Amino acid sequence: MSAAETLESPAPRPLETHACWNAADVADSDGWTYRLNDDEIAELETALTVARSHTDEVLDVDKSRFPLPTLAPALAQLADELINGRGFCRISALPVERVGFEDASWMYWGIGLHLGVPWPQNVKGHLLGDVKDQGKSVNDPTARGNELGGVAQAFHSDGSDLIGLLCLDPGVSGGESLVANAVAAHNLLVESDPELAAVLYGALPYDFRGEQGKGSDPFYRVPVFTEHGDRLFVRYIRPYIEASQRHADAPRLSDTQRAAMDAYDALIYDPDNRVEMTFAPGDMQFVNNYHVLHGRNAYQDDPDAGRVRWLKRLWLATEILGPQDRPRQFQSAGATKHWSTRRTRAGA
């Protein structure tokens, strides 16, 4: 093991055991699903009317212009559970088929504002993004997961405190969402092989997918595991770590680093450490990117029949975590700070 692969701080230790769960613990979906009732849906429709009275652009709507006097306290509780508890939830029954995709997207944006502050998701500055088949090939070195249609997605985290997904159309079949407990897997690895766990506390290279700042390296470096203020912060996108090796000046991955990722993969892909959920139109999923990894099963679309899997995406910075509560690399979008020079939405 090289010096670059070892910790400069004390050996890794189990962290945030209160946030650990296994598949059996979350087998009952009622425990992590918040179903909107008729009064809350009416409140969302009223808030939409207020928002539209101020602007025709959803990105110009802030929390004060999307008032949710009854629903907001429930959303605050969900936000606390996301950051300090289970780390994922589903909000269901948004009436997408009745109100239409555009109004549903505004309501989703408004709900997101009560959970956090939207962050840009790419170099285009998308604050309200799309997850759908955008005609990109899996062999395209600039393609990102949200642009790829049909294929399964490996477990990964995204570049914000929280990620939100709203299902507008689930497609024809497949596409089930998968979530795995990154904290539990970390703690299991620390207990079973602390030396390999320590390797993942060292910085690894990630491919920027062509979205680096002008004149910057086409890759960035960040550890898989970071301990900060007794909290665990996980950033793990193995396909992007492996893709960094296409750049000659990126640090070469060692056998030990790959062995450490293999050991972590074995834990996060263990069926006992994950849960599967099916999306219906109007379902919203919110996930703590530091504690829970997400992926999906392969799926099928039928464009001729108008059935194309389409999710709207939010990246949110929760107000529960202040700047001092995050490691440096997770503050103000970290390595992707240059993405914030624009504020746009997908399709606009």
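Before going into details, it helps to say that this report is about the structure given with it. (Residues numbered from 1 in each chain as written. Predicted model: local features only at pLDDT ≥ 70, side-chain atom pairs only at ≥ 80, totals over all residues. Heavy atoms only, no water.)

## Notes on the overall build of the chain
The cut-off we apply is this: Secondary structure counts use DSSP, requiring at least four H or I residues in a row for a helix and at least two E residues in a row for a strand, with both numbered from the N terminus. Using C-alpha atoms as the atom set, the radius of gyration is obtained and then compared with a globule rule of 2.2 Å times the number of residues to the power 0.38. Only heavy atoms matter for contacts: two residues are in contact if any of them lie within 4.5 Å across the pair. For the accessible areas, the method is Shrake-Rupley and the probe is 1.4 Å, while residue cover comes only from the protein chains on display. Under the counting rule used here, the positive set is Lys and Arg, the negative set is Asp and Glu, and His together with the chain ends is not counted. To locate a charge, take NZ of a lysine, CZ of an arginine, CG of an aspartate or CD of a glutamate.
On a plain count of helices and strands, the chain comes out with 8 helices and 18 strands. For 348 residues, the compact-globule formula gives about 20 Å, and the C-alpha radius of gyration of the chain, at 20 Å, lands near that figure. Overall, the chain is about 60 × 40 × 40 Å in size when its C-alpha atoms are taken along their principal axes. For the chain, the share of sequence-separated contacts (at least 6 apart) that also reach a separation of at least 24 residues comes to 81%. Accessible surface computed for the chain: about 14700 Å², of which carbon and sulfur atoms make up 49%. If you average the places of the 33 positive and of the 50 negative side-chain charges in the chain, the two averages end up 7 Å apart.

## Considerations on empty space enclosed by the protein
Worth spelling out the cut-off: For each structure, a 1 Å grid was placed over the protein atoms alone; sets of points admitting a 1.4 Å probe that cannot get out are labelled cavities, open sets with protein on both sides within 12 Å along at least five of seven lines are labelled pockets, and lining residues have an atom within 4 Å of a point. Grid points are joined across faces, edges and corners, and a volume is the space filled by probe spheres set on the points. In the scheme used here, Gly and all other residues not listed as nonpolar or charged are polar, with Ala, Val, Leu, Ile, Met, Phe, Trp, Tyr, Cys and Pro taken as nonpolar and Asp, Glu, Lys and Arg as charged.
Inspection of every chain in the model, using the stated rule, returns 1 cavity of 30 Å³ or more. One number sums up the size of the largest cavity: a volume of about 30 Å³. In terms of lining residues, the largest cavity is bounded by Ile 83, Arg 231, Leu 232, Phe 233, Asn 288, Tyr 290, His 291 and Leu 321. It is strand β12 (residues 231-234) that contributes the most residues to the lining of the largest cavity, 3 residues altogether. Taken together, the residues that form the lining of the largest cavity break down as 5 nonpolar, 2 polar and 1 charged.

## Regarding the side chain of Asn 146
Inspection of the secondary structure assignment puts Asn 146 in the loop between β4 (126-131) and β5 (153-156). The contacts of Asn 146, once residues within four sequence positions are left out, are Asp 130, Val 131, Lys 132, Gln 134 and Arg 313.

## Digging into the layout of surface pockets
If you add up the space inside the second largest pocket, you get close to 220 Å³. Considering only residue class, the lining of the second largest pocket consists of 2 nonpolar, 6 polar and 7 charged.

## Let's talk about the nonpolar core
Heads up, the rule is: To qualify as a nonpolar core, a set must consist of buried Ala, Val, Leu, Ile, Met, Phe, Trp, Tyr and Cys residues joined through side-chain atoms within 4.5 Å. Only protein chains enter the accessibility calculation, which uses a 1.4 Å probe. A residue is then buried if its area is under 20% of the maximum for its type, exposed if over 50%, and partly exposed in between.
By size, the foremost hydrophobic cluster in this structure holds 78 residues, and its most contacted members are Tyr 264 and Phe 286. Excluding its chain neighbours within four sequence positions, the residues that come into contact with Phe 286 are Leu 82, Gly 87, Phe 88, Cys 89, Ile 91, Tyr 108, Ile 111, Leu 115, Ile 163, Gly 164 and Leu 316. Listed in part, the 19 residues of the second largest apolar core include Val 26, Cys 167, Ala 317 and Trp 339.

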